[in-house]
Amino acid sequence: MNAKDWIVPLAILAAAAVLAPLPLVAGSYWMALLVNVLMYAVLATAWALFSGPTHYVSLATAAFFGLGAYTMAFLGEKLPLALVYPVAALIGAVIATIVGLSTLRLSGVYFVIFTFGLAELVRQLVTWAEAKYGGTVGRFVFIDVTQQGIYWMLLGVLVLVLLTGFLIQRSRLGWALKAIGEDETVARHAGIDTTVAKVAVFVISATFMTVVGAIMAPRWTYIDPSIAFNPIISFQVLIMALLGGAARLYGPILGVVPLATLFEILQANFPNSFSILLGLAFLVIVYFVPSGIVGLIDQGRDVLGRAGRRRAHPAE
Amino acid sequence: MRITHPSRRAVVGGIAAAALAAPQVRAQPGPVKIGFSISKTGPNAGGANVTTLPNYQLWLKETNDAGGLRLPGGQRRAIEFVEYDDRSQSEEAVRNIERLVNQDKVDLLLPPWGTAMNLAVAPSFNRGGFPHLASTFFVERQPELVKRWNNMFLFLDRPSTAITALTDLLATLKDKGLGNTVALASVQDQFGLELVSAARAGIARAGFQIVMDRQYPPGTQDLAPIISEAARLKPDMFLAFSYPPDTLALTEQARIAGLNPKVFYTAVGTAFPLYKQRFGANAEGVMGIGGVDVTNPRIKDYIERHNRIVGREPDRWASTTTYSTLQVLTQAIERVGIDKAALVRDIGANSFDTILGPIKFVDNQRVDQWWVGQWQQGEFVALAPTKVGGTKAPIFPKPAWPTA
């Protein structure tokens, strides 16, 4: 790498260094909000790692998030805490490999429906197995991780997911994914092993989602399948990533911050008409910001660029 | 000319309000701010809207009409509610409580509806030292929980106690010609599983024989196969540990399939006013979880006030319990004022006079309460345990479903 290549990773680390001391000054209300923002920032960025370049819209976020939460519930009191997160990552990776190999032959709307069904399938499997062998469905998660601890872990994972995304974009794998997104058939004819490329990135993305689930579970004391595999998580991640723009590495974060803030303002000020206002907000977003905030920025840059060129023209 | 943009101003105002709403100077005799997060939307909304929210509204109206909460000095302060919808999501409930405590600076908190939600917010209640008077909370590990959170008071006893009351009652019916075959059905979630596993042990102890033991996932639409199987086996007892929608569906199917056991028991929802409205005369003799002493003038009076002020009937199980939590809180405030630590101490140590009779906590848990009720002539009366008092004799055997 030459000097210019270090700018992005250094910027990511610098931003993290600025955000890291926040828990020392922020009160617990602001911490709760920040934890929420970070959770969705990791999930949306991880989502866009796979879905951004390939254009495969996945609704399986909740499935992997829930797997992570359940890993924490099962192993949190049995293994040292520091070991649970890598184990969760491993479980996420294994399941994602199986799922990826068996389903990434699907595309378009079939893939969307499949991934949505996947979360439901995992949820029913967990319920069945818990009832049959565990004699319980809900699980207590009595693990003392403070809000600050959760914040720092999420921040660390966010740095990792951004760096991973950066490396993928610069690698042959990144180009392969872009080619698949443009036209999968052409990509295959050009000699790209599309299945390997898709599964590899799907697994990386799912692993991050699983780890986030494991990090968040101790916050709720108790989980059951409907809490862990809540489909709302999948939809919110999708909406946030699309608002920001899934084409750029930093795009999803640009969607997460305004939407998480909007949710908070609506919830705090209009608790009884939250859903209606949220629906209106989505309509406005889709109508006025169809290509995401990243799109707006690019547009703005174009306009400025053109204006600059015009002014520079000596004939005027 | 000045052009104003109301929409932009509104947006900026909203953000500013959210950011700056924090530290307002409050004059001492102002209202007592009481906050809660509850599921107004999502899958929990049904339970929250029957059992919890109406009682909060009833308490608010009655207390403020009387001039407010009475404090130790004798002066009164009105109640002001700050309420948020958690949309049936644990994470939202946690964040709502954080917001109530740190941004809205509420004086006291009321709990959400349901076991999972109460567990999710319990660490936040505990961190702030708020008394947590849970009335819709029901797990086997309760003794362990109250050790962990000494500010938590549990108004419902454990599933195993509920089952012991039921199997003890069934054992007394043996002499009256109850046979010994039992068909079990249970919903496959925490509630159903804890009850059914306690029930298997209790049934074995009572010397009955299980001839069928079926589980179904929550939200199952078609329960006909379970009822048909039971109808073929003709058990002496049919016991279902069910939730409101399945309770209604199982009863309806049993009526259609002519499943006529001597004891017909369904769990949550049997005590809802809706059950009576839906089944009318068919409800006669059906047993269920909960039950109240309807001849008690205080409960009669409570039902009447609930009807008048909220505009609908309370259920005959956790509604009365939820209202009693608010009575306990009112009386403790009257003794020690709005002081969270003193309230926790006072509630743990003293006896309270409520619509359910005197309430005295043993290790933060309320132990004596009704667990089995039965529809008798249009009312859901308490049957067991008899040591609590106010119980009636069961109608036995349950009359066959009327044909119509």
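Residues numbered from 1 in each chain as written. Chains lettered and ligands numbered in written order. Predicted model: local features only at pLDDT ≥ 70, side-chain atom pairs only at ≥ 80, totals over all residues.

### Examining the overall build of chain B
In step 1: From N to C terminus, chain B includes 13 helices and 16 strands.
In step 2: Taken over C-alpha atoms, the radius of gyration comes to 23 Å for chain B, in line with the 22 Å a tight globule of 404 residues would show.
In step 3: When burial is assessed residue by residue, chain B has 50% of its 404 residues classed as buried.
In step 4: Within chain B, counting contacts between residues at least 6 apart in sequence, those at least 24 apart form 67% of the total. (Helix = DSSP H or I, 4+ residues; strand = E, 2+ residues; numbered from the N terminus. Rg over C-alpha atoms; globule rule 2.2 N^0.38 Å. Buried ≥ 20, exposed ≤ 12 C-beta atoms within 10 Å, placed from the backbone. Contact = placed C-beta atoms within 7 Å.)

### Focus on unusual backbone geometry
Both trends apply: most residues other than glycine have a negative phi, and most peptide bonds are in trans.
All names here are of chain B.
In step 1: Pro385 follows Ala384 through a cis peptide bond whose omega is -5°.
In step 2: Assignment of secondary structure puts Pro385 in the segment after β16 (379-384).
In step 3: In this structure, the amide linkage connecting Phe396 to the following residue, Pro397, adopts the cis form with an omega of -10°.
In step 4: Relative to the helices and strands, Pro397 is located in the segment after β16.
In step 5: In this model, Gln377 sits at a positive phi of 45°, which is unusual for a non-glycine residue.
In step 6: Relative to the assigned elements, Gln377 resides in the loop between β15 (372-376) and β16.

### What to know about the sheet that holds strand β4 (residues 79-85) of chain B
Residue and element names in this part refer to chain B.
In step 1: Taken together, three strands build an open sheet; the order of strands is β4-β1-β5 and the sheet is parallel. Of all the strands in the sheet, the pair left with one neighbour each is β4 and β5 (108-109).
In step 2: In the sheet, strand β1 (residues 32-38) pairs with β4 via seven bridges, with the strands oriented parallel. Following the sheet pairing, Ile38 is matched in β4 by Asp85. (Pairing = 2+ DSSP bridges.)

### Considerations on the domain arrangement of chain B
Residue and element names in this part refer to chain B.
In step 1: In terms of domains, chain B is made up of domain 1 (31-158 + 316-360) and domain 2 (159-295 + 371-388).
In step 2: Using only C-alpha atoms to locate each centre, domain 1 and domain 2 end up separated by 30 Å.
In step 3: Taken residue by residue, the interface counts eleven residues in domain 1 and 16 residues in domain 2.
In step 4: Looking at the side of domain 1 that touches domain 2, its residues break down into four nonpolar, three polar and four charged. (Domains from an automatic or database assignment. Nonpolar A, V, L, I, M, F, W, Y, C, P; charged D, E, K, R; others polar.)

### Things to note about the nonpolar core
In step 1: Among the nonpolar cores identified, the biggest contains 214 residues, and Leu38, Val42, Leu43, Leu154 and Val212 of chain A are the most heavily contacted of them.
In step 2: In terms of residue count, helix α3 (residues 28-54) of chain A provides more of this core than any other element does, 16 residues in total.
In step 3: Split by domain, the residues of this core number at least three in each of domain 1 (31-158 + 316-360) and domain 2 (159-295 + 371-388) of chain B.
In step 4: Once residues lying within four places of it in the same chain are set aside, the contact partners of Leu154 of chain A are Val35, Leu38, Met39, Val42 and Ile215 of chain A. (Core = buried A, V, L, I, M, F, W, Y, C linked by C-beta atoms within 7 Å.)

### Topic: helix α14 (residues 274-288) of chain A
In step 1: Taking 1.5 Å of rise per residue, the 15 residues of α14 of chain A would be expected to cover 21 Å, and the 21 Å separating its terminal C-alpha atoms lies within 8% of that figure.
In step 2: Of all the 15 residues making up α14 of chain A, one are buried; the element is thus mostly uncovered. (Expected span 1.5 Å × (residues − 1).)

### Some details on the confidence of the model for chain B
Close reading of the predicted structure is inappropriate where its pLDDT is low.
All names here are of chain B.
In step 1: Chain-level pLDDT for chain B is 89 on average; 93% of the residues reach the 70-or-more range.
In step 2: Across chain B, the element-wise mean pLDDT spans from 47 in helix α1 (residues 6-20) up to 97 in β5.
In step 3: Contacts for the low-pLDDT stretch residues 1-27, under 50 throughout, to residues beyond four places or in other chains number eleven contacts.
In step 4: Quick note on the complex model: pTM equals 0.80, ipTM equals 0.74. (pLDDT = per-residue confidence, 0-100.)

### As for the packing of α3 of chain A against helix α7 (residues 147-170) of chain A
Residues and elements named next belong to chain A.
In step 1: Interhelical geometry of α3 versus α7 gives an angle of 25° and a closest axis separation of 9 Å. Relative to α7, α3 is oriented roughly parallel. Remark: the crossing between α3 and α7 carries left-handed chirality. Residues Ser28, Met31, Ala32, Leu34, Val35, Leu38, Met39, Ala41, Val42, Thr45, Ala46 and Leu49 of α3 lie in contact with α7, whose contacting residues are Gln147, Gln148, Ile150, Tyr151, Leu154, Leu155, Val157, Leu158, Val161, Leu162, Gly165 and Ile168.
In step 2: Taken together, the residues of the contact of α3 with α7 break down into 19 nonpolar, five polar and no charged. (Axes fitted to C-alpha atoms, helices over the stretch in contact; angles between N-to-C directions. Parallel < 35°, antiparallel > 145°, perpendicular 65-115°, else oblique. Left-handed = near helix turned anticlockwise from the far one by under 90°.)

### Topic: the pairing of strand β11 (residues 263-266) of chain B
All names here are of chain B.
In step 1: Neither face of β11 is exposed, since Val263 and Tyr265 on one face and Phe264 and Thr266 on the opposite face are all buried.
In step 2: Taken together, the four bridges between strand β10 (residues 237-241) and β11 define a ladder with parallel strand orientation. Bridge pairing in β11 links Phe238 to Phe264.
In step 3: Handedness of the crossover is the feature at issue here: the chain leaves β10, passes through helix α9 (residues 244-257), returns alongside β11, and the resulting connection is right-handed.
In step 4: With two bridges joining them, β11 and strand β12 (residues 287-289) adopt parallel strand pairing. When the bridges of β12 are listed, Thr266 appears paired with Gly288.
In step 5: The parallel pair β11 and β12, bridged by helix α10 (residues 273-279), forms a crossover whose chirality is right-handed. (Right-handed = clockwise from strand over helix to strand, strands pointing away.)

### Describing helix α8 (residues 224-233) of chain B
Residue and element names in this part refer to chain B.
In step 1: Restricting attention to buried positions, one finds in α8 the residues Ile226, Ile227, Ala230 and Ala231. In a view along the axis of α8, the buried residues occupy a sector of 135°, so they form one face of it. Those residues of α8 that are exposed and aimed more than 90 degrees away from the buried face are Pro225 and Arg232.
In step 2: Residues of α8 that are buried sit in contact with β8 (181-187), β9 (209-216), β10 and α9.
In step 3: Positive phi appears at Lys234, one or two residues downstream of α8, with a value of about 45°. (Arc of directions from axis to C-beta.)

### What about the interface of chain A and chain B?
In step 1: Contacts between chain A and chain B engage 30 residues on the former and 30 residues on the latter.
In step 2: In the side of chain A that touches chain B, the residues fall into 13 nonpolar, 14 polar and three charged.

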